[in-house]
Amino acid sequence: YNLSSFPGKILLQTLEDNGILIFLFNLGRSGSSACFVDEFGGAILLNSAEVQSIPWRMTFNLAHEFFHLLTWDLYNPEEIYDNEEKGKSIVEKFADAFAAHLLIPESVLMEEIGDPEKIDNFDIAYLAANVFRVSPDALIWRLYNLKLIDEKRKENLLNSRKLKILFKNLWKKEYGKTDKVFKEIEELPDNY
């Protein structure tokens, strides 16, 4: 798919260019996204309410659903959906891991951060908003899973109000109130 070093910046356009239909529909609190494959091809549904309120989740949601499109015939539906007793299914964990690896490639992340010991709130906010187009939480978890930060630092960063404010301000400065890329998605895409 030639997604470059920064897939979050071109994932939406690349999926559309490859015939994946991207729909917006207000799902309220019923979910973030979903996908479907049939004889006509693949489609991803994004929650328009979430696009308006937390647009930075959309890039991750697209990558997560892209995993499901790529693996559509590999899993039975009962393997995919979360279980109230067991929590998140292994397939959903795979989709999250795929999205993190796709959107925040290790080699690119290492180039961007330099010394992990010196990374601060502003660095994380900037990288999340302007470089990888993901939430700061997604970036923090990626740093943690790559063993670039320890458990204590991860928790401090995840709970940092200052980091969240920095991130939101950088996001708004870069993309406006809502993400300009996602404002272009219509409820029914032209290729529908």
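The structure under discussion appears in the preceding block.
Residues numbered from 1 in each chain as written. Predicted model: local features only at pLDDT ≥ 70, side-chain atom pairs only at ≥ 80, totals over all residues. Heavy atoms only, no water.

Asks: Looking at this structure, I do not really get the sheet that holds strand E1 (residues 21-25). What am I missing?
Replies: Sheet strands pair via backbone hydrogen bonds, and the direction of the pair is either parallel or antiparallel. Reading across from one edge, E1-E3-E2 is the order of the three strands in this open sheet, with mixed pairing throughout. Each edge of the open sheet carries a strand with a single partner, namely E1 and strand E2 (33-38). Sheet twist, expressed as the mean angle between neighbouring strand axes with direction ignored, is 20 degrees. Note: E1 against strand E3 (residues 41-47), five bridges, orientation parallel. Across the sheet, the residue bridging to Ile 22 is Ile 44, located in E3. (Pairing = 2+ DSSP bridges. Helix = DSSP H or I, 4+ residues; strand = E, 2+ residues; numbered from the N terminus. Axes fitted to C-alpha atoms, helices over the stretch in contact; angles between N-to-C directions.)

Asks: When you look at the pattern of salt bridges in this model, what are you seeing that I'm missing?
Replies: A side chain with one charge can pair with a side chain of the opposite charge if their charged atoms come near. Summed over all chains, the structure comprises four salt bridges. Residue Arg 57 is joined to Glu 50 by a salt bridge in which the shortest nitrogen-to-oxygen separation is 3.8 Å. We classify Arg 57 as partly exposed; its relative accessible area is 34%. The salt bridge involving Lys 154 is made with Glu 151; its shortest N-O contact spans 3.3 Å. Of the two residues, Lys 154 and Glu 151 are both situated in helix H9 (residues 151-158); the distance of three residues between them amounts to about one turn of the helix. If you follow the salt bridges from partner to partner, you end up with Glu 151, Lys 154 and Glu 155 in one network. (Salt bridge = Lys/Arg side-chain N within 4 Å of Asp/Glu carboxyl O. Buried < 20%, exposed > 50% of the residue type's maximum accessible area, 1.4 Å probe, protein only.)

Asks: What am I meant to see in the side chain of Asn 61 here?
Replies: By the secondary structure assignment, Asn 61 is in helix H3 (residues 57-70). Taking relative accessible area as the criterion, Asn 61 reaches 4% and is therefore assigned buried. Excluding residues within four positions of it along the chain, Asn 61 makes contact with Ser 32, Ser 33, Leu 46 and Glu 50. (Contact = heavy atoms within 4.5 Å.)

Asks: Just to check I follow, could you spell out the nonpolar core for this structure?
Replies: In a soluble, globular protein the nonpolar side chains are often hidden away together inside. By size, the foremost hydrophobic cluster in this structure holds 47 residues, and its most contacted members are Ile 44, Leu 109, Phe 132, Leu 139 and Leu 143. If one sorts the elements of this core by residue count, helix H7 (residues 121-132) sits on top with seven residues. (Core = buried A, V, L, I, M, F, W, Y, C linked by side-chain atoms within 4.5 Å.)

Asks: I'm lost on the packing of H3 against helix H5 (residues 90-103) in this one. Help?
Replies: Helix packing for two helices is described by the angle between their axes and how far apart those axes are. It is at 8 Å that the axes of H3 and H5 come closest, and there the two elements cross at 120 degrees. Overall, the two elements H3 and H5 adopt an arrangement that is oblique. As for the relative orientation of H3 and H5, their crossing is right-handed in sense. Across from Thr 59, Phe 60, Ala 63, His 64, Phe 66, Phe 67, His 68 and Leu 70 in H3, the residues of H5 making contact are Val 91, Glu 92, Phe 94, Ala 95, Asp 96, Phe 98, Ala 99, Ala 100, Leu 102 and Leu 103. Here the contact of H3 with H5 is composed, by residue class, of 13 nonpolar, three polar and two charged. (Parallel < 35°, antiparallel > 145°, perpendicular 65-115°, else oblique. Left-handed = near helix turned anticlockwise from the far one by under 90°. Nonpolar A, V, L, I, M, F, W, Y, C, P; charged D, E, K, R; others polar.)

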